[in-house]
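Observations on the three-dimensional arrangement
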Number of protein chains: 2
Amino acid sequence: MSVVEERLTAAAGRLFYRQGIAATGVDSVAAESGVSKPTLYARFGTKDALVVAVLRERHRQRRAALEDHLRAHAALPPIDRMLSVFGWVLDQQRGEGARGCPFVNASVELAHAKDAPAREVIGRHKRWFRGVFADLAAEAGAADPLALASRVHLLVEGANARMLAEADLTAVDEARRIAELLIADACPASPGVGTDREAR
Amino acid sequence: MSVVEERLTAAAGRLFYRQGIAATGVDSVAAESGVSKPTLYARFGTKDALVVAVLRERHRQRRAALEDHLRAHAALPPIDRMLSVFGWVLDQQRGEGARGCPFVNASVELAHAKDAPAREVIGRHKRWFRGVFADLAAEAGAADPLALASRVHLLVEGANARMLAEADLTAVDEARRIAELLIADACPASPGVGTDREAR
């Protein structure tokens, strides 16, 4: 991606996330990026193609950021690394305006068949995120890592929805505490999880 | 609400949900409802006011439908009634196109201060839904009914997001199974919940 394309996708990504895709005109993307409208069309052709480019770039950045985060916490036991992803989600949200998941939000506005390439990126992002949890769940000794990963990821989705609809940033910590219970349920030998499993 | 207003909010609600609010022109609401555009403006003034009316009407209908559902299942123990809400959510989704929660979806497109009345309805709907779970949780003997209700509701939000973004209707059943665990954790004396609590 060229520098101009990076500026355009970064500006469009910010505006789409903050105010919605349909509510964001190509004019305001050009103004926000400092790139001319003819250049925008020369690079992306259509607004639909720009939406797909934004989602692809967002996926690439999220993936790189979470990989960095997990590398920085490589010394932690796998369960703690899994739980630390919730802190990472909260940090991402705080940095971006706390409007939930940009991929889910895009889904709201991409209802039509013509948006198939965007939906493909959305699905890929979700599968990747569950895959991160599945690797950690396997490392933690979960009996069914994919099932645990899907459950933990569903909690992230719930927290994102609540942040968006109710501006409630505590939802992420609530989701993390539910995740502790699910992990304790799925990883019978797991030490160091902050639930009352032992007391039962 | 007059018959004409009911037709307009019903048509607008269907279109907003299916294709998004910004993507739905006032012309298509008029066409879908069979009501003229001047009449639409005479009744609602602006599209923003129509959005608020749609959300209020959707809240009223959802509330009535869930109250009917719970009355029809009044003979069940409170925990089973709580879990039956997930089946009700799935039925609603199947009947409407399975694009998740219309109130969360509206939040994506209502980013601006001018949409404060819509956001008020969205918040009210969410508090009402948690309140339904809280009443059932109290009846089931939960130590902290509001905390359990908030957790169970977060699962509904997660399932809705996954249905929308990944067209995965199994998410509701997955959320229900997590809810069983959370209920077992919060209602120590609860009988008849399908988890392996007793085996621990």
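Residues numbered from 1 in each chain as written. Chains lettered and ligands numbered in written order. Predicted model: local features only at pLDDT ≥ 70, side-chain atom pairs only at ≥ 80, totals over all residues. Heavy atoms only, no water.

Okay, the overall build of chain A next. Each helix and strand in chain A was counted, giving nine helices and zero strands. Ordered by position from the N terminus, the helices and strands of chain A form the series α-α-α-α-α-α-α-α-α. The principal-axis extents of the C-alpha atoms in chain A amount to approximately 65 × 30 × 30 Å. When each of the 200 residues of chain A is scored for burial, the buried share is 55%. Within chain A, counting contacts between residues at least 6 apart in sequence, those at least 24 apart form 62% of the total. Looking at chain A, you have 27 positive and 26 negative side-chain charges, and the mean spots of the two groups are 5 Å apart. (Helix = DSSP H or I, 4+ residues; strand = E, 2+ residues; numbered from the N terminus. Buried < 20%, exposed > 50% of the residue type's maximum accessible area, 1.4 Å probe, protein only. Contact = heavy atoms within 4.5 Å. Lys, Arg positive; Asp, Glu negative; His and termini not counted. Charge placed at Lys NZ, Arg CZ, Asp CG, Glu CD.)

Moving on: the relation of the copies chain B and chain A. Mapping chain B onto chain A calls for a screw motion: a turn of 180° about the axis and a shift of 0.0 Å along it, with 0.0 Å RMSD after fitting. Expressed as an axis order, the relation between the two copies is that of a two-fold axis. For chain B, the minimum C-alpha distance to the rotation axis belongs to Gly158 of chain B and amounts to 1.8 Å. Interface overlap between copies is the fraction of interface residues in one copy that are interface residues in the other; for chain B against chain A it reaches 100%, indicating a shared surface. (Least-squares fit on C-alpha atoms with pLDDT ≥ 70 in both.)

A positive phi angle is found at Ala167 of chain A, which is not glycine, with a value near 50°. Within the secondary structure, Ala167 of chain A sits in the loop between helix 8 (145-166) and helix 9 (171-186).

Another point: the interface of chain B and chain A. Every contact between the two is made by 42 residues of chain B and, on the other side, 42 residues of chain A. For chain B, the biggest contributors to the area lost against chain A are Val108, Leu154 and Arg162 of chain B; these three give 19% of the whole. Two residues, Arg130 of chain A and Glu166 of chain B, come together in a salt bridge whose shortest N-O distance is 2.7 Å. The tally of links from chain B across to chain A stands at 14 residue pairs in polar contact (both at pLDDT 80 or more). Looking at the side of chain B that touches chain A, its residues break down into 19 nonpolar, nine polar and 14 charged. (Buried area = accessible area lost by both parts, 1.4 Å probe. Salt bridge = Lys/Arg side-chain N within 4 Å of Asp/Glu carboxyl O. Polar contact = N/O pair within 3.5 Å; in protein donor to acceptor, adjacent residues only side chain to side chain. Nonpolar A, V, L, I, M, F, W, Y, C, P; charged D, E, K, R; others polar.)

Residues and elements named next belong to chain A. Mapped onto the elements of the fold, Asp173 is located in helix 9. What makes Asp173 partly exposed here is its relative accessible area of 36%. Distance from Asp173 to Phe86, taken between C-alpha atoms, is 7.2 Å for residues 87 residues apart in sequence. Side chain to side chain, Asp173 and Arg176 meet in a polar contact 3.1 Å long.

Now for the confidence of the model for chain A. Residue and element names in this part refer to chain A. For chain A, mean pLDDT is 92; residues scoring 70 or higher make up 93% of the total. In the model, residues 192-200 has pLDDT below 50 throughout and makes 16 contacts with residues more than four positions away in sequence or in other chains. For this predicted complex, the interface confidence reaches an ipTM of 0.93, while the overall pTM sits at 0.93. (pLDDT = per-residue confidence, 0-100.)

This paragraph deals with the packing of helix 4 (residues 47-72) of chain A against helix 6 (residues 102-109) of chain A. All names here are of chain A. At a minimum axis distance of 11 Å, the contact between helix 4 and helix 6 shows a crossing angle of 165°. When the interaxial angle is binned, helix 4 and helix 6 end up roughly antiparallel. For helix 4 against helix 6, the interelement crossing comes out left-handed. Touching Leu55, Arg58, His59 and Arg62 of helix 4 are Pro102, Phe103 and Ala106, all from helix 6. Grouping the amino acids of the contact of helix 4 with helix 6 by side-chain chemistry returns four nonpolar, one polar and two charged. (Axes fitted to C-alpha atoms, helices over the stretch in contact; angles between N-to-C directions. Parallel < 35°, antiparallel > 145°, perpendicular 65-115°, else oblique. Left-handed = near helix turned anticlockwise from the far one by under 90°.)

Of all hydrophobic cores here, the largest spans 74 residues; its most connected members are Leu148 of chain A together with Leu148 of chain B. For Leu148 of chain B, the residues in contact, after removing those within four places along its chain, are Met82, Ala137, Ala142, Leu182, Ile183, Ala186 and Cys187 of chain B. Phe16 and Leu164 of chain A together with Ala161 and Leu164 of chain B belong to the second-largest nonpolar core, a separate cluster that totals 56 residues. (Core = buried A, V, L, I, M, F, W, Y, C linked by side-chain atoms within 4.5 Å.)

As a further point, take helix 6 (residues 102-109) of chain B. Along helix 6 of chain B, eight of the eight residues are buried, which leaves the element largely enclosed by surrounding structure. Turning to helix 6 of chain B, its buried residues are Pro102, Phe103, Val104, Asn105, Ala106, Ser107, Val108 and Glu109 of chain B.

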